[in-house]
Amino acid sequence: MATINLNYNKLAAGYLFPEIRRRTEAFLEENSGVEVMMLGVGDTTEPLTPAIIKGMHDAVDALGNADTYTGYGKERGMPELREALSERYDERGVLVKPSEIFISDGAKPDSANIQTIFGPADIVAVQDPAYPVYVDSNVIAGRTGGFNEKTGKYEGIVYMPCTEENGFFPEVPDQKVDLIYICSPNNPTGAVATVDQLSMLVDYARRNKAVIIFDAAYAAYVSDPNLPRSIYEIDGSKECAIEISSFSKDTGFTGVRLGWTVVPYDVIVKDTSPGEIRSAWNRRMDTFFNEAPNVSQAGGLAALSGQGREECQGLVDYYMRNAKVIKGGLDDMGMVTFGGVNAPYIWLRTPDGMGSWDFFNKMLSEAHVVGTPGVGFGPSGEGYFRLSAFGHTENIEKAVDSIRKNLRL
Ligand code: MLT
């Protein structure tokens, strides 16, 4: 008789964003005709740019012709795309070989799957709050015990609190951990790690033969030249860090799907030699994946052309103007906000210590604005709330206006 993977039963609740959608739909059912403004999930809204559309159209045309049709692609992704990404790292003074880059269908699946190449008993540390995929994927893989309702934590996971006091970047763990998930610019807090902060973590990882899994999905939002966009800007990181990136947030590929992961040859863990961890990820991709869609890859390549990059910067600037509107509006109301400067998320402290889900309900019922409750990202997110700057500017302005007029503080 087949059995189910019982680790699924440990998962504390449904995945965060479907849960928000469920609650929003329930509200709309009871309040038909009300216009709700969505600043919850970080989903892009602006159209793909002309260079990208042309790249994708050309790829579709090629598929429609017997002479240019292609089926399965090359392992690890189109060589030209991996070359172009490698060159982009080069501009930041970082050497990433094309053969260390694995093209995928997005940062989310890679964030969930990367843990499969590590030992089942490895101890996982996460920033708290964090993008839920890091924790949930490790729960499903069996690296944790049950969920403790009182603490809001899974047994066996090391939660590294990110608080106002530490600028939303964690201290290095005071115990030995093996896999450390870091996201910068951070989802959800909008904090960006500095070179010094990342250097401390890299030192820790090298001392303990731990691996940092660095989620750089929002790297394009860093405009401050002193802040790193890649973990590989930190000395020694190629021995201990894997970087996961995305075309979703700056190219608008949340629906098209395209991302990449860098696994350097130099990454080593216990009893491995250089190249083995990279080979394990290669093997995993060979077995479980058949390359990202060729039309998406053509779009990604176009996005990395001179014109594509200029246009994508335009998208980033657009969403960052939204971030300014949200942050400015809330600050003017006397709310305490964080992030929203080199990141597309605004993290706010709920008024009067209100619980995150209570504030979610208040925002929805009074201002008709959907955001994301901080506690959905981990226990240290309790008492905070996230607003996303992805959206049409008119809607963002309307939402801020409604918060200003209707939220009873
Ligand atoms: C978020 O809102 O946290 C993200 O958009 C979710 C994702 O990228 O999967």
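Residues numbered from 1 in each chain as written. Predicted model: local features only at pLDDT ≥ 70, side-chain atom pairs only at ≥ 80, totals over all residues. Heavy atoms only, no water.

Attention now goes to the sheet that holds strand β15 (residues 384-388). Taken together, four strands build an open sheet; the order of strands is β11-β12-β15-β14 and the sheet is antiparallel. Each having just a single partner strand, β11 (336-339) and β14 (372-373) make up the two edges of the open sheet. Examined bridge by bridge, β14 and β15 share two bridges and lie antiparallel to one another. Of the residues in β15, the one forming a bridge with P373 is F385. (Pairing = 2+ DSSP bridges. Helix = DSSP H or I, 4+ residues; strand = E, 2+ residues; numbered from the N terminus.)

Bringing the sheet that holds strand β8 (residues 211-215) into the picture now. Pairing is mixed in the open sheet, where seven strands are placed in the order β2-β10-β9-β8-β7-β3-β6. Looking along the sheet, the strands with just one partner apiece sit at the ends: β2 (101-104) and β6 (158-161). Within the sheet, the average angular offset between the axes of one strand and its neighbour, ignoring direction, is 20°. Relative to strand β10 (residues 259-262), strand β9 (residues 241-246) runs antiparallel, the two sharing four bridges. Note that in β10 the partner of S245 across the bridge is W260. In this fold helix α4 (residues 79-91) packs onto β2, β9 and β10, with an angle of close to 120° to the strand it touches most, β2. Contacts between helix α7 (residues 195-208) and the sheet are confined to β7 (179-183) and β8, with β8 contributing the most and set at about 145° to the helix. (Axes fitted to C-alpha atoms, helices over the stretch in contact; angles between N-to-C directions. Contact = heavy atoms within 4.5 Å.)

Running from amino to carboxyl end, helix α12 (residues 356-367) crosses helix α13 (residues 393-406) at an angle of 95°, the nearest separation of the two axes being 9 Å. Put simply, α12 runs roughly perpendicular to α13. Residues M363, E366 and A367 of α12 pack against S402, I403 and N406 of α13. Taken together, the residues of the contact of α12 with α13 sort by class into three nonpolar, two polar and one charged. (Parallel < 35°, antiparallel > 145°, perpendicular 65-115°, else oblique. Nonpolar A, V, L, I, M, F, W, Y, C, P; charged D, E, K, R; others polar.)

In the region of the ligand, the neighbouring residues are F17, V41, G42, K108, Y131, N187, Y218, K249, Y345 and R386. In the model, an oxygen atom of the ligand is placed 2.8 Å from a nitrogen or oxygen of the K249 side chain. A total of 270 Å² of accessible area belongs to the ligand in isolation, and the protein chains cover 85% of it. When the residues that make up the shell around the ligand are grouped by side-chain class, the tally is five nonpolar, two polar and three charged. (Near = heavy atom within 4 Å. Polar contact = N/O pair within 3.5 Å; in protein donor to acceptor, adjacent residues only side chain to side chain. Areas by Shrake-Rupley, 256 points an atom, 1.4 Å probe, with all protein chains shown as cover.)

Interpretation note: all reported values are geometric properties and have no functional meaning in isolation.
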